[in-house]
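This is what each chain is made of:
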Amino acid sequence: MNAETRLSREQHQKLAKIVYQETGIVLSEKKYSLLVARLSKRMRIKGISSVSGYMDLISADPDEFNEFIDAVTTNHTFFFRENKHCEYLIRTLEKTKPLKIWSAASSSGEEAYSIAVQLMAAGFSFSIFASDVSDSMLDLGRRAVYPGDRVKQVPPSMLRTYFQKGQDQWKDYVRIKPEVRQRVSFAKFNLLSDTPQDTFDIIFCRNVMIYFDAQTRQRVVDRLCRALKPGGYFFVGLSESLNGLVHSLTTILPSGYQKKE
Ligand SMILES: C[S@@+](CC[C@H](N)C(=O)[O-])C[C@H]1O[C@@H](n2cnc3c(N)ncnc32)[C@H](O)[C@@H]1O
């Protein structure tokens, strides 16, 4: 945290309101240090020393507004995270029909590629739409280059089959092979304001609703359920659930739901 950056209560409330309206993310007073750290980083990059100067900039410059929103999102993810959901699908689904899958808060793509390599290894036919509100995360997903320590949970056989090892200055990195990359398409999609143009057999919306309040969670679940085909599967993060929300899905496993046929 930058010791020189101080936010007045009013500035905190104003910035939190902007973030809430744009993404649904709640930046309560408990998140003061997080907001200051991420704001300070953007202020340093732009060479701006006052918070009010930076606030003027984001209201005048849509590109910097995007950068600010990007900076306040939490993008932590890794390969094979909460893999029980994918294992369940592989055990349960028939391989006869092609699957349309949506990774609806994909961050830098690890979730989508983890699902892709397992479905490929199991012989499924599928496509994955990976979306996020953060442009920089979508760029990382499209590039598909990851530091070696991010793939520690990938089984060695899948690492050999679906990942290329980097060389020379890239020796500590891996890249997803083209045959996997071509199954995954990335696009910007704001869960709060964009309307899905397609319907899906499976939707993963994991580890994002923890940042939303109940009202936003309900709104997002309503939209996503409309984009789910009858009989389709819906997964949230293992520390999340749809408890307290109105929906017509059936619980099939922890944080896993199915829409009625
Ligand atoms: C912690 S990551 C989760 C990544 C992955 N799903 C996982 O479980 O590992 C949360 C992601 O949600 C994205 N996000 C936050 N608000 C969003 C919104 N309104 N619409 C779309 N994505 C959003 C963030 O940019 C971030 O990349």
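What you are looking at is a predicted structure, and each value in this text was computed from that prediction instead of being measured. (Residues numbered from 1 in each chain as written. Predicted model: local features only at pLDDT ≥ 70, side-chain atom pairs only at ≥ 80, totals over all residues. Heavy atoms only, no water.)

**Student:** Outline the domain arrangement of the chain, listing residues and values.
**Tutor:** Domain annotation for the chain reports domain 1 (9-72) and domain 2 (84-258). If you look at the interface, domain 1 gives nine residues, while domain 2 gives eleven residues. Summing both partners gives a buried area of about 820 Å² for domain 1 against domain 2, and 44% of it is carried by carbon and sulfur. When the buried surface of domain 1 facing domain 2 is broken down by residue, Tyr20, Thr23 and Asp70 rank first, second and third, together holding 45% of it. Our count for the contact surface shared by domain 1 and domain 2 stands at zero salt bridges. Summed over the shared surface of domain 1 and domain 2, the result is seven residue pairs in polar contact (both at pLDDT 80 or more). Elements supplying a minimum of two residues to the side of domain 1 that touches domain 2: helix 1 (9-23) and helix 4 (62-72). A per-class count over the side of domain 1 that touches domain 2 returns three nonpolar, four polar and two charged. (Domains from an automatic or database assignment. Contact = heavy atoms within 4.5 Å. Buried area = accessible area lost by both parts, 1.4 Å probe. Salt bridge = Lys/Arg side-chain N within 4 Å of Asp/Glu carboxyl O. Polar contact = N/O pair within 3.5 Å; in protein donor to acceptor, adjacent residues only side chain to side chain. Helix = DSSP H or I, 4+ residues; strand = E, 2+ residues; numbered from the N terminus. Nonpolar A, V, L, I, M, F, W, Y, C, P; charged D, E, K, R; others polar.)

**Student:** Account for the sheet that holds strand 1 (residues 99-103), with residues named and values stated.
**Tutor:** Spatial ordering of the open sheet is given by 6-2-1-7-8-10-9, a layout of seven strands whose pairing is mixed. The sheet is open, and its two borders are formed by strand 6 (184-188) and strand 9 (250-253), each paired with just one other strand. The average angle at which neighbouring strand axes cross in this sheet is 25°, direction not considered. For strand 8 (residues 228-235) and strand 10 (residues 256-258), the ladder comprises three bridges, and the chain directions are antiparallel. (Pairing = 2+ DSSP bridges. Axes fitted to C-alpha atoms, helices over the stretch in contact; angles between N-to-C directions.)

**Student:** If you had to explain the nonpolar core to someone new, which residues and values would you point to?
**Tutor:** Phe68, Trp102, Leu191, Ile203, Met209, Phe234 and Leu242 are the most contacted members of the largest nonpolar core, which totals 43 residues. Built from parts of two domains, this core gets at least three residues from each of domain 1 (9-72) and domain 2 (84-258). Once residues within four sequence positions are removed from consideration, leucine 191 is found in contact with Ala104, Cys205, Val208, Phe212, Val220, Arg223 and Leu224. (Core = buried A, V, L, I, M, F, W, Y, C linked by side-chain atoms within 4.5 Å. Buried < 20%, exposed > 50% of the residue type's maximum accessible area, 1.4 Å probe, protein only.)

**Student:** Could you give an account of the packing of aromatic side chains, with specific residues and numbers?
**Tutor:** The description of two aromatic rings rests on the distance between their centres and on the angle between their planes. Overall, the coordinates contain 13 aromatic pairs when judged by the stated rule. Aromatic side chains tryptophan 170 and tyrosine 173 sit 5.1 Å apart centroid to centroid with 75° between the ring planes, which places their arrangement in the edge-to-face category. We classify tryptophan 170 as partly exposed; its relative accessible area is 41%. Plain terms: the ring middles of phenylalanine 204 and phenylalanine 235 are 5.1 Å apart, the flat faces sit at 25° to each other, and that makes the pair stacked. Residue phenylalanine 204 is located in strand 7 (residues 200-204), and its partner phenylalanine 235 is located in strand 8; the two are separated by 31 residues in the primary sequence. Grouped by ring-pair contacts, the aromatic residues Phe79, Tyr113, Tyr146, Phe163 and Phe186 constitute a single cluster. The cationic tip of lysine 95 hangs over the ring face of phenylalanine 124; the distance from NZ or CZ to the ring centre is 5.6 Å. When the ring centre of phenylalanine 126 is taken as reference, the NZ or CZ atom of arginine 183 above it lies at 4.6 Å. (Phe/Tyr/Trp six-rings, centres within 6.5 Å; stacked < 30°, edge-to-face > 60°. Lys NZ or Arg CZ within 6 Å of the ring centre and 35° of its normal.)

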